[in-house]
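Inside the fold
Letter by letter, the chains look like this.
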Amino acid sequence: MKKIITFGTFDVLHIGHIRILQRARALGDYLVVGVSTDALNFSKKQKSPIYNENERLEIISAIIGVDEVFLEHSLELKEHYIREHGADVLVMGDDWAGRFDYLNHLCDVVYLPRTDGISTTSTLEEIRRYV
């Protein structure tokens, strides 16, 4: 069985999230998703997510093709998470290209293109126009 692991905040779920999860799952037999904690998200983006970490865990776990979810507490623990979950492939968005190549000794590292024109930031900006 080939295990895939990926990570994200997955706040305000949109088609880009679904597509990257589908493409990640297509690379193997079992998909593990690390969902950034509220604290990790704040440290990366200096803002809190719209949905809290428990809601985001529940949302991601409900997606067909996602086999397991857990909370990601730190970007620096990627190696630990890969080992803990026995992942064969790490999938990240191409905005992280090269950043996790140092993990190639543990598993294959794949950077998938993001969906053009779609991001949580742009989705929230669009929503704010109507409020």
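Residues numbered from 1 in each chain as written. Predicted model: local features only at pLDDT ≥ 70, side-chain atom pairs only at ≥ 80, totals over all residues. Heavy atoms only, no water.

**Overview of the sheet that holds strand β3 (residues 68–72)**
- One open sheet holds the five strands; their spatial order is β3-β2-β1-β4-β5, and the pairing between them is parallel. Each having just a single partner strand, β3 and β5 (108–112) make up the two edges of the open sheet. Strand-to-strand twist in this sheet, taken as the mean axis angle between neighbours without regard to direction, amounts to 25°.
- Looking at chain direction, strand β1 (residues 3–8) and strand β4 (residues 89–93) are connected through three bridges and run parallel. For I5, the partnering residue across the bridge sits in β4 and is L90. (Pairing = 2+ DSSP bridges. Helix = DSSP H or I, 4+ residues; strand = E, 2+ residues; numbered from the N terminus. Axes fitted to C-alpha atoms, helices over the stretch in contact; angles between N-to-C directions.)

**Examining the packing of aromatic side chains**
- Considering all chains together, one arrives at five aromatic pairs under this definition.
- Note on F7 and F70: the rings are 5.9 Å apart at their centroids and 90° apart in plane angle, and the pair reads as edge-to-face. One end of the pair, F7, is in strand β1; the other, F70, is in strand β3, and 63 residues separate them in sequence.
- You can call F7 buried: its relative accessible area is 9%.
- Here the aromatic rings of F7 and Y81 are separated by 5.9 Å at their centres, their planes lie at 45°, and the arrangement is tilted. Note that F7 is positioned in strand β1 and Y81 in helix α4 (residues 78–85), a separation of 74 residues in sequence.
- An aromatic cluster is present here, built from F7, F70 and Y81 joined pairwise through their rings.
- The ring of F7 carries the charged tip of K78 above its face, separated from the ring centre by 4.0 Å. (Phe/Tyr/Trp six-rings, centres within 6.5 Å; stacked < 30°, edge-to-face > 60°. Buried < 20%, exposed > 50% of the residue type's maximum accessible area, 1.4 Å probe, protein only. Lys NZ or Arg CZ within 6 Å of the ring centre and 35° of its normal.)

**Quick word on the nonpolar core**
- By size, the foremost hydrophobic cluster in this structure holds 16 residues, and its most contacted members are L21, L31, V33, I60 and V66.
- Going through the elements one at a time, α1 (15–25), β2 (30–36), α3 (53–61) and β4 are the ones with two or more residues in this core.
- Sequence-distant contacts of L31, that is, excluding residues within four places in its chain, are made with I4, T6, L21, A24, R25, G65, V66, D67 and E68.
- V32, M92, C107 and V109 belong to the second-largest nonpolar core, a separate cluster that totals 13 residues. (Core = buried A, V, L, I, M, F, W, Y, C linked by side-chain atoms within 4.5 Å. Contact = heavy atoms within 4.5 Å.)

Functional significance is not addressed by these values, which are geometric in nature.
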